[in-house]
Amino acid sequence: MSVKHRLYKGVNAKIVIIGCGMSGIAAAQRLVNSGFHHVRILEATARSGGRIKTGRLGDNIVEIGANWIHGPSEENPVFCLARQYGLLDPEALTPQNQAMDIGGHPPWVPNFFSSSGQKLTAEDIKPATEMFAELLHESSEFQSQGGEPWACVGDFIRSEAQKRAAEKWKDIDATTRSLRLCVISNMLKVECCVNGSHSMDEVGLGAFGLYKTLPGLDCTFPGGYEDLIRNLMSELPSGLVTYNQPVRCVHWNNAEKRENPVMIECDAGERIAADHVIVTVPLGYLKKHHSALFRPPLPLHKLHSIQRLGFGTNNKIFVEFDSPWWDADCEVIYLVWEDENDMVDQVPDVQRSWIKKLFGFTVLKPTERYGHVLCGWIAGHESEYMETLSEQEVTHGIMQLIRRFTGNPTITPRRILRSQWFHDPWTCGSYCHPAIGCSAQDLENMMEPLPTKGSQSQPLQVLFAGEATHPCYYSTVHGAILTGWREADRLISHYSSISPSELPKSKL
Ligand code: 6YU
């Protein structure tokens, strides 16, 4: 028997989804396809997509938010949907591309520059990048073993790198050894961007290995990530989303009206009664607004997990040039500061030297499509400070940086465009990471519906989706989709298992 049939040709349950990002859209799609008639999305902004946001720099399409399909292969729902809608380049569809197992770190062709204006050779940097890759891999293994020697990834990598450098590189001259440690500092800054953390000293060593990668060489959407959103939205009934409708408070266990246990109060004053609400707001927003957003307040164990999990900032600065100053085959440019052999990934004086946190640039390819455009990456408080500067100040900082590292005093950017995710009031940062002291239980707590098990009240009043509720694909778009489907399935199986007389009678 089909799911639709089991649901008695569509139940009348009123379901409100808060947020029209990937997880909210995925939940709505699955519920509507399963016969639920009364599904609504309330979205604070004027657009769908949330942290999937395609913009323009001149004639070029650039991604302000999510960039890649991480691990484009059969198990990745983003890949499968993008393939189904015909949104990918043929290369991304090849079995070879899908089979590549890169462990989350694509093997890009690098150029390394140093702060004294030198282009570094493979010989200079390879021992350091190899040691770093080894340490990163070891960092992810404590999750299954337990008994980690340090609380955070940063301390583990620093202490081991120092130890191993003293052993392995003891016959190397002091300048080269120091430069290699500076390369490790640069790699730590890369990891801050990958993890969405201020510093790797904030990422818990015990939980680092919770994140799982999928096979497949990361690929992009030639027409922009928002193509995926447009295709999915076109399959939803028109009028399902109310835009510019921020939700102020979710009143659950609503004693006044037993048949509609949830009352959603919007900023504009509208009050919407519902049987279920799926909350997909980002963890950054939850951290800041949980106390106003839920009445009664969240149970303490859930609140503690919201507080314990990390949610940091990773921003991009797109920079266009008249001509390239990097090699034709170069895919990523790393900038190594020669005074950073202490392997610290935070700058001491954010206002004066925020730019030192920018690890380098990825090169937008193919050149025929994008022209000469680089994407600079900067994480942490330095990134949050960058957001407060004017575009001219950021452009000046980038120009000085590139001139210094290339030794070419004439390089001048044509224009720039940067993201500002920390100051986005509906996101408050970029994505989550397991901070010090986190465990799998925190992600379990994040996804646990309210009221919690054992309560006598109506079940599944408040459900939680969004990237920060996925046990192993958090921080990604595929993680977000899967959480939307998970919560929709939770409701579908709930209604599949109850008799018609118990179904809600009301209409939205
Ligand atoms: C990916 C990638 N990528 C770069 C940057 C960012 C992110 N991600 P949404 O926020 O989308 O939706 C919530 C909605 O709720 C939103 O529309 C709000 O307006 C609304 N809302 C809020 N409050 C409300 C209220 N009160 N009322 C009503 N509405 C309200 N992911 O797969 N590939 O390349 C990147 C990247 C700069 C910012 C990314 C990437 C993350 C994804 O963008 C993100 O997870 C999903 O879009 C979230 O969807 P959602 O529905 O949950 O929320 C080893 C190891 C380490 C572990 N990490 C490795 C992975 C690395 C991740 N890498 C990311 C890198 C980039 C570059």
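## Focus: the site of the ligand
Around the ligand sit 42 residues, and of these S23, E43, R51, W68 and V477 come closest. A distance of 3.3 Å is found between a nitrogen atom of the ligand and a side-chain nitrogen or oxygen belonging to H70. S475 places a side-chain nitrogen or oxygen 3.4 Å from a nitrogen atom of the ligand. Here the ligand loses 96% of its free accessible area of 1300 Å² to cover by the protein chains. Of all the secondary structure elements, the ones that give two or more residues to the shell around the ligand are helix 2 (22-33), helix 9 (174-195) and helix 18 (477-496). Tallied by class, residues from the shell around the ligand come to 22 nonpolar, 17 polar and three charged. Both domains that furnish three or more residues to the shell around the ligand are identified here as domain 1 (3-52 + 222-310 + 430-502) and domain 2 (105-212 + 314-418).

## Notes on the packing of aromatic side chains
Applying the stated rule across the entire model yields 16 aromatic pairs. Consider the rings of F36 and Y495, whose centres lie 5.7 Å apart with planes at 70°: the pair is edge-to-face. One end of the pair, F36, is in the loop between helix 2 and strand 2 (38-42); the other, Y495, is in helix 18, and 459 residues separate them in sequence. Like Y495, F36 is buried. The interplanar angle of 35° and the centroid separation of 5.4 Å between the aromatic rings of W68 and W108 together place this pair among those described as tilted. Remark: W108 occurs in the loop between helix 5 (95-99) and strand 5 (110-114) and W68 occurs in the loop between strand 4 (60-63) and helix 3 (77-84); sequence separation between them is 40 residues. The ring of W169 is capped by R180, whose NZ or CZ atom sits 5.0 Å from the centre of that ring. The ring of W337 carries K356 above its face, with NZ or CZ at 4.8 Å from the centroid.

## Considerations on the sheet that holds strand 7 (residues 241-242)
Overall, parallel pairing links the five strands, which are arranged 7-2-1-11-20 in an open sheet. Taken across any chain shown, the strands that pair with only one partner, and hence form the sheet edges, are strand 7 and strand 20 (462-464). The sheet contact formed by strand 2 and strand 7 spans two bridges and is parallel. Bridged to L42 within strand 7 is T242.

## Here we look at the packing of helix 11 (residues 283-293) against helix 12 (residues 300-308)
Between helix 11 and helix 12, whose axes approach to 9 Å, the crossing angle comes to 125°. Put simply, helix 11 runs oblique to helix 12. In terms of crossing hand, the pair formed by helix 11 and helix 12 is left-handed. Of helix 12, the residues touching helix 11 (which contributes L283, L286, K287 and H290) are L303, I306 and Q307. In the contact of helix 11 with helix 12, the residues fall into four nonpolar, two polar and one charged.

## Topic: the nonpolar core
Residues L31 and L228 are the most contacted members of the largest nonpolar core, which totals 49 residues. Among the elements of the structure, strand 1 (14-18), helix 2, strand 2, helix 3, helix 10 (226-234) and helix 18 are those that each provide at least two residues to this core. A per-element tally of this core places helix 18 first, with eight residues. Once residues lying within four places of it in the same chain are set aside, the contact partners of L31 are I15, I17, F36, V39, I278, A488, L491 and I492.

## As for the sheet that holds strand 12 (residues 294-295)
Spatial strand order, 10-9-8-12: four strands in an open sheet with mixed pairing. Edge positions in the sheet fall to strand 10 (271-274) and strand 12, since each has one partner strand and no second. Bridging between strand 8 (residues 247-251) and strand 9 (residues 262-266) involves four bridges; their strand directions are antiparallel. In the sheet register, C249 faces strand 9, and the bridge partner there is E265.

## Thoughts on the packing of helix 2 against helix 18
Closest axis-to-axis distance for the helix 2/helix 18 pair is 7 Å, and the angle between their directions is 35°. In the packing of helix 2 onto helix 18, the handedness of the crossing is right-handed. Contacts between helix 2 and helix 18 involve M22, S23, A26, A27, Q29, R30 and L31 from the former and V477, A480, I481, T483, G484, W485, A488, D489, L491 and I492 from the latter. Here the residues of the contact of helix 2 with helix 18 are counted per class, giving 11 nonpolar, four polar and two charged.

## Here we look at unusual backbone geometry
With an omega of -10°, the peptide bond running from R295 to P296 counts as cis. As for its position among the elements, P296 is in the loop between strand 12 and helix 12. For the bond from L450 to P451, the omega torsion is -5°, close enough to zero to count as cis. Relative to the helices and strands, P451 is located in the loop between helix 17 (440-447) and strand 20. A positive phi angle is found at C428, which is not glycine, with a value near 60°. Tracing the chain through its elements places C428 in the loop between strand 18 (415-418) and strand 19 (431-433). Despite not being glycine, S475 shows a phi value in the positive range, around 75°. With respect to the helices and strands, the residue S475 is situated in the loop between strand 20 and helix 18.

## Here's the deal with the domain arrangement of the protein
If you check the domain split of the protein, you get domain 1 (3-52 + 222-310 + 430-502) and domain 2 (105-212 + 314-418). Facing the 18 residues of domain 1 at the interface are 18 residues of domain 2. Summing both partners gives a buried area of about 1300 Å² for domain 1 against domain 2, and 56% of it is carried by carbon and sulfur. For the domain 1 face of the interface with domain 2, the top three residues by lost area are Y431, H433 and I436, together amounting to 38%. Put simply, domain 1 and domain 2 have zero salt bridges between them. Linking domain 1 with domain 2 are nine residue pairs in polar contact (both at pLDDT 80 or more). Of all the secondary structure elements, the ones that give two or more residues to the side of domain 1 that touches domain 2 are strand 19 and helix 17.

Reading the values: rules and limits
- Residues numbered from 1 in each chain as written.
- Predicted model: local features only at pLDDT ≥ 70, side-chain atom pairs only at ≥ 80, totals over all residues.
- Heavy atoms only, no water.
- Near = heavy atom within 4 Å.
- Polar contact = N/O pair within 3.5 Å; in protein donor to acceptor, adjacent residues only side chain to side chain.
- Areas by Shrake-Rupley, 256 points an atom, 1.4 Å probe, with all protein chains shown as cover.
- Helix = DSSP H or I, 4+ residues; strand = E, 2+ residues; numbered from the N terminus.
- Nonpolar A, V, L, I, M, F, W, Y, C, P; charged D, E, K, R; others polar.
- Domains from an automatic or database assignment.
- Phe/Tyr/Trp six-rings, centres within 6.5 Å; stacked < 30°, edge-to-face > 60°.
- Buried < 20%, exposed > 50% of the residue type's maximum accessible area, 1.4 Å probe, protein only.
- Lys NZ or Arg CZ within 6 Å of the ring centre and 35° of its normal.
- Pairing = 2+ DSSP bridges.
- Axes fitted to C-alpha atoms, helices over the stretch in contact; angles between N-to-C directions.
- Parallel < 35°, antiparallel > 145°, perpendicular 65-115°, else oblique.
- Left-handed = near helix turned anticlockwise from the far one by under 90°.
- Contact = heavy atoms within 4.5 Å.
- Core = buried A, V, L, I, M, F, W, Y, C linked by side-chain atoms within 4.5 Å.
- Buried area = accessible area lost by both parts, 1.4 Å probe.
- Salt bridge = Lys/Arg side-chain N within 4 Å of Asp/Glu carboxyl O.

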